[in-house]
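Next come the chains, spelled out residue by residue.
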Amino acid sequence: VFGASGDCLEQVKFPTPVKYEDFLIKLAEVVANLSTRDFMAVGVAAPGKIDHNLVLLVAAGNLTWHKEPFQRDLERLFHAPVALEHDAKTGAIAEARAAGSNYQTVVYITISTGIGIGVCVDGKVDKALEDAEIGWMKVDYNGELVPWEKIASGSAIVAKYNSRASDLDDPVAWDEIAHNIAKGLISVIAIVQ
């Protein structure tokens, strides 16, 4: 919860339940326990694909949620207007605002459960890449074409090294991780250019 000056007033973290209905129940519990009850607006950065016309969370990346009326459900819960956007796009918007007029184009790539991208041109999300699922772009890996996030995402790192990237200190592992990330970045640079 943020105040009018942008200061964080309250913060709660919880693991995202697998079922959409369980998520709504858990979120309702969290909201009920907040000291703030009068929300002016709510911003949501969600993974996956969003249908902006129907305002649906079509698919939530690593969750099985499908065509959920996310915005409507959250507006009911918070009794306030909700802005719903892809998580990497919100990251790109924030970085573009922070950069100000220093850069015309800002590319934001998130490497977490999957790999996402947001591109802003002149401070606005680039419509041509608005629905890009860059993590599913195919890259060469040991002579096979595989989705980039299958070899370079946080999930791929945990699967291969049995450890989160933040806990790894093996230079050989980091050399391979950097190499796998670079495989996709080379294509991203070409696409954005």
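Refer to the structure printed above.
Residue positions within a chain follow its written sequence, with the count starting from 1. Local features in this predicted model are restricted to residues of pLDDT 70 or higher, and side-chain atom pairs are both shown and tallied only at a pLDDT of 80 or more, whereas totals for entire chains, interfaces and linings draw on every residue. Only heavy atoms go into the side-chain values, all of them from the structure, while hydrogens and water stay out.

Colleague: Please explain the layout of surface pockets as it appears in this structure.
Modeller: Over the atoms a probe the size of a water molecule is rolled, and this reveals where empty space is left. Using a grid of 1 Å spacing that covers the protein atoms alone, one calls a set of points a cavity when a 1.4 Å probe fits there but cannot get out, and a pocket when the set is open and has protein on both sides within 12 Å along at least five of seven lines; lining residues are those with an atom within 4 Å of a point. Grid points are joined across faces, edges and corners, and a volume is the space filled by probe spheres set on the points. Considered as a void within the structure, the largest pocket measures approximately 1,600 Å³ in volume. Lining the largest pocket are 44 residues, with Val12, Leu27, Gly43, Val44 and Ala45 sitting closest to its centre. Of all elements in the fold, only helix H1 (20-32), strand E1 (42-46), helix H2 (70-78), helix H3 (87-99) and strand E6 (105-111) reach the threshold of two or more residues within the lining of the largest pocket. A run of H or I in DSSP becomes a helix once it reaches four residues, and a run of E becomes a strand once it reaches two; helices and strands are each numbered from the N terminus. For the lining of the largest pocket, the element with the highest residue contribution is E1, accounting for 5 residues. Taken together, the residues of the lining of the largest pocket sort by class into 30 nonpolar, 10 polar and 4 charged. Here the nonpolar group is Ala, Val, Leu, Ile, Met, Phe, Trp, Tyr, Cys and Pro; Asp, Glu, Lys and Arg are the charged ones; every other residue, Gly included, is treated as polar.

Colleague: Help me out: how do you make sense of empty space enclosed by the protein in this one?
Modeller: Evaluated as defined, the whole model comprises 1 cavity of 30 Å³ or more. Taken together, Gly48, Lys49, Ile50, His52, Glu85, His86, Lys89, Glu130, Asp131, Ala132 and Glu133 form the lining of the largest cavity. Of all the secondary structure elements, the ones that give two or more residues to the lining of the largest cavity are strand E2 (49-51) and strand E5 (82-86). Along the lines of polarity and charge, the residues of the lining of the largest cavity split into 2 nonpolar, 3 polar and 6 charged.

Colleague: Please clarify how the packing of aromatic side chains should be interpreted in this entry.
Modeller: Note on aromatic pairs: each is described by the distance of the centres and the angle between the planes. Aromatic contacts are taken between Phe, Tyr and Trp rings whose centres are within 6.5 Å, Trp giving its six-membered ring; a plane angle under 30 degrees counts as stacked, one over 60 as edge-to-face, and the others as tilted. As enumerated under the stated definition, the model contains 7 aromatic pairs in all. The interplanar angle of 40° and the centroid separation of 6.0 Å between the aromatic rings of Trp65 and Phe70 together place this pair among those described as tilted. Phe70 shares its class with Trp65; the two are buried. Taken together, the aromatic side chains of Phe14, Tyr20, Phe23, Trp65 and Phe70 make up a single cluster linked through ring pairs. Either the NZ atom of lysine or the CZ atom of arginine qualifies as a charge over a ring when it sits within 6 Å of the ring centre and within 35 degrees of the ring normal. Above the plane of the ring of Phe14 lies Lys26, whose end atom (NZ or CZ) is 5.8 Å from the centre. Partly exposed describes any residue whose relative accessible area lies between the buried limit of under 20% and the exposed limit of over 50%, with all areas from a 1.4 Å probe on protein chains only and scaled to the type maximum.

Colleague: Help me understand the pairing of strand E10 (residues 144-147), please; the structure alone is not making it clear to me.
Modeller: For a regular strand, side-chain orientation follows a simple rule: the groups alternate between the two sheet faces. The sheet contact formed by strand E9 (residues 138-141) and E10 spans 4 bridges and is antiparallel. Along E10, the bridge assignment pairs Lys138 with Pro147. At least two bridges found by DSSP between two strands are what make those strands a pair.

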